[in-house]
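Reading the structure
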Amino acid sequence: MIGIREYISIIGELSSHYELSADTIISDLIALDTIGTHFLQSGIQDLIDSNSRKEFLKIVETAIETELLKEFVKELVNREELISGLLKECSLITEHLTEIKVDLSQYQIVTDQEFDKLLAILQKKHSHRFMIVTVGLPDGNTITKYLNTFKHTGEYKAQLSELDTLLSLYMEVNSGE
Amino acid sequence: MQSQVELADLKKAINAKLEQLITITSTKDIDQDYSGYVVKFSDGVARVMGIKRARIGQRLTFHVELEHGEIMLIDGMIMDIEPQWTECIVFGEERFIKEGQTVVIKEEDRHVPFTINFHKGLMGCVIDPLCNVQKLDSEDDEIEVDGHIHKLPIEIPAPLIANRAPVNKPLYSGIRVIDSVLPIGLGQRMLIIGDRGTGKTALAKTIMVNYGVKGTAIDIVGKGLKNYKKVFIYTAIGKKISEVKSIYADLAASGIDFIIVMTKANDPASLVYIAPFAATSIAEFYRDQGRDVVIVYDDLTNHANAYRHVSLLLKRPPGREAYPGDIFYLHSRLLERSSNVYLQHTGSGFVHTSAEEFTIANDRDKTERFITASITALPIVQTKESDFSAYVPTNIVSITDGQIYLDPALMNNDVFPAIHVGLSVSRLGGDAQNGIMKALTKSIKGDLASYNDKMKYSTYGLELDEIGKRIIRHGSRLIAFFKQELLHTSSELDTAKEISNIYLMRFLEEYYESSDNQYDMKNIETLLKRPLAIKEGDNPKEHVMSKYFGMTKFGMKKTKDFAPSDAFVELKDGSYAIQRAFIDFFNIEGEPSNMTIESLYDGFISCLKK
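Scoring rules and cut-offs
- Residues numbered from 1 in each chain as written.
- Chains lettered and ligands numbered in written order.
- Predicted model: local features only at pLDDT ≥ 70, side-chain atom pairs only at ≥ 80, totals over all residues.
- Helix = DSSP H or I, 4+ residues; strand = E, 2+ residues; numbered from the N terminus.
- Core = buried A, V, L, I, M, F, W, Y, C linked by C-beta atoms within 7 Å.
- Buried ≥ 20, exposed ≤ 12 C-beta atoms within 10 Å, placed from the backbone.
- Contact = placed C-beta atoms within 7 Å.
- Nonpolar A, V, L, I, M, F, W, Y, C, P; charged D, E, K, R; others polar.
- Domains from an automatic or database assignment.

So, about unusual backbone geometry. All names here are of chain B. Asp 299 follows Asp 298 through a cis peptide bond whose omega is -10°. The topology assignment puts Asp 299 in the loop between β13 (293-298) and α6 (300-313). Each neighbour pair has its own omega, and for Phe 416 with Pro 417 the value is -5°, a cis peptide bond. When you line up the elements, Pro 417 lands in the loop between α10 (408-412) and β18 (425-426).

In structure tokens form, the structure reads like this:
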């Protein structure tokens, strides 16, 4: 069955390929969910009617920032076999975003290195998805990070290998050998 | 802002990906209507999307890919259906369930509710609700599949009203107080209720063992077809393994046919929730083979808690004590499945039949293919601080046909079984007792009530009159008679004998008082051997009868189970009285003064045996 899971997977892979920022992609996805839900709640169940289709595309054009998502939605609207359930699928987007909350307020200090390590571990654990990670810091602030783990970008890859080296070094030093 | 070249490139890439997706999904060898994927999983509840043809109570299979490429299958059951997704509970290794995993409804599960795979080789085993054998010792042998595997749906509707036979055959529990005052009939639902540690499980175990070893199952028709060997199913709901082990040891030692359906205290709530339903399906399987089944649910408080756990996770609105709104329906649909039903043998096996068919066959004297078979339910409920009026206890009290209340105060006074006769009731009354027992026990409850009443006065130190003292003596004898040790059971005849003995005592007290004789009730043995001092000139028959009349005039209606013999006398209202039996055994034609109470008593017992 083709549904929102598959669509998100395509968006994830392409955005990773074109190295688009996860922040904008995720905020666009949430916006698309809001649009879909709004249409459904106002009684429009599908986009088969040309007026509602036009209306939908107009809102998408203004509300969505990334070209990738805009083009993707247009492509879906143009395909007869996919258009009927499109609104319903859009309204389910947030169900497919992974939200993780981490509370680090119990620690006295969290270094940048440790923070990056945490993110790296989370990415390793939850591959192939869009993630919203909210971290509560010792100073009372919270940081929200948007991550795309469909394919690690070069930046993260470098960080990961660096972390791996650090971790193995740390293990060696502390193992007492 | 991306350039025009990049945009064209983007469009091309999107198109290619979508085409690829459509090609893959159209050629995939999975029935799209019956497959989906996990989007969320927490606390044993999975949210599955993509299944179009889902039904409540259906079995789902989660495909878990292990590290070495092996596929592990985990079962689940659909609990809620929403427009976009279905919510299901998972039985088994929850730690393997992950987002995105494929979930399918297998071909064999598509048109049936959740089923368990049962086979006869499981008799005498401890199994989980999914019929997997649970080893209590590592040395236990592997169980082989014996014969055909039966797919038993765990939830099926209760038998129809027309197919239900009346509950009128006794289940002799071997517990004297139950057999005399709180009779259990085959097909009855009798609740065992009490605080923690009052002996609920021990009582249920004693009933199972005694009925399995000594009890009789008498069916007046279809004798050749009836399988008299009874089946006992003990459902351990969220129990400690050590407790189950001790029950298993006792049941196995007794040699009865039993199955223990076990869910442990550390099992997921989903598994605990289906345990009594699965156990009842097994009970129904044996009932439909013409066997009488006794099923113990130990205990339904744990079951209610497990269902509350599942319901809250499914975000169903909590009601009183946070139980969901359908907690009453949950237990009523479970316990309604226990009943006594008419079965007809069709050649290949038994089918349910109606009372009407049964009557027609009876009129034509062709009842040889008809029998009745029953499931007797003994649900157990735990109360807290003797709070009889908590939510779940009152629910189950109103569903069942009577309750046996175990009183912690009696338990502390070293009374076992600690059954509180005043708060316990069997709503069948004497219908499930045979004629003699019914006649003998009719006044016990009243006598005990008078005893408790008089005891109140005596605790205040008030002086009682002779009648009051006699009531107290009689009551104490009854209470002493009701005490018995765990697994030490009493046969039907012994119970009848003992009760008649106690009433004989009461008669003797009255008799000796009225005849101005000195007597010493403490020495019963001596008393029984004393000759009956009937004065010359008295009409012995009338004399004794008038004294006995108080206890012997209980009327008994002529029923299927009770055909009055010569020992009974028909009364004006058409019922039969037992006093004739006394007159017969008194045999006062000879020399009454030479007779002892003991000889009279033996004569009476021989009458009972008739």
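So much for the structure itself; the text now carries on.
With that settled, the discussion passes to the nonpolar core. Counting 113 residues, the largest nonpolar core has Met 208, Ile 233, Ile 260 and Ile 295 of chain B as the members making the most contacts within it. For this core, the leading source of residues is helix α5 (residues 269-287) of chain B, giving twelve residues. Setting aside residues no more than four positions away along its own chain, Met 208 of chain B makes contact with Phe 232, Leu 251, Ile 256, Val 294 and Val 296 of chain B. The next biggest cluster of nonpolar side chains, apart from the first, holds 31 residues, and it includes Ile 25, Ile 35 and Phe 72 of chain A together with Ile 14 of chain B.

Here we come to the interface of chain B and chain A. Opposite the 17 residues of chain B that make contact, chain A presents 16 residues. Per-element accounting of the side of chain B that touches chain A gives the leading share, eleven residues, to helix α1 (residues 4-27) of chain B. Looking at the side of chain B that touches chain A residue by residue, the classes come out as nine nonpolar, six polar and two charged.

Residue and element names in this part refer to chain A. Split into domains, chain A comes out as domain 1 (4-95) and domain 2 (97-174). In this assembly, 14 residues from domain 1 lie in contact with nine residues from domain 2. Looking at the side of domain 1 that touches domain 2, the elements with two or more residues in it are α1 (4-17) and α2 (22-41). At six residues, the largest contribution of residues to the side of domain 1 that touches domain 2 is made by α1. A class-by-class count of the residues in the side of domain 1 that touches domain 2 yields six nonpolar, five polar and three charged.

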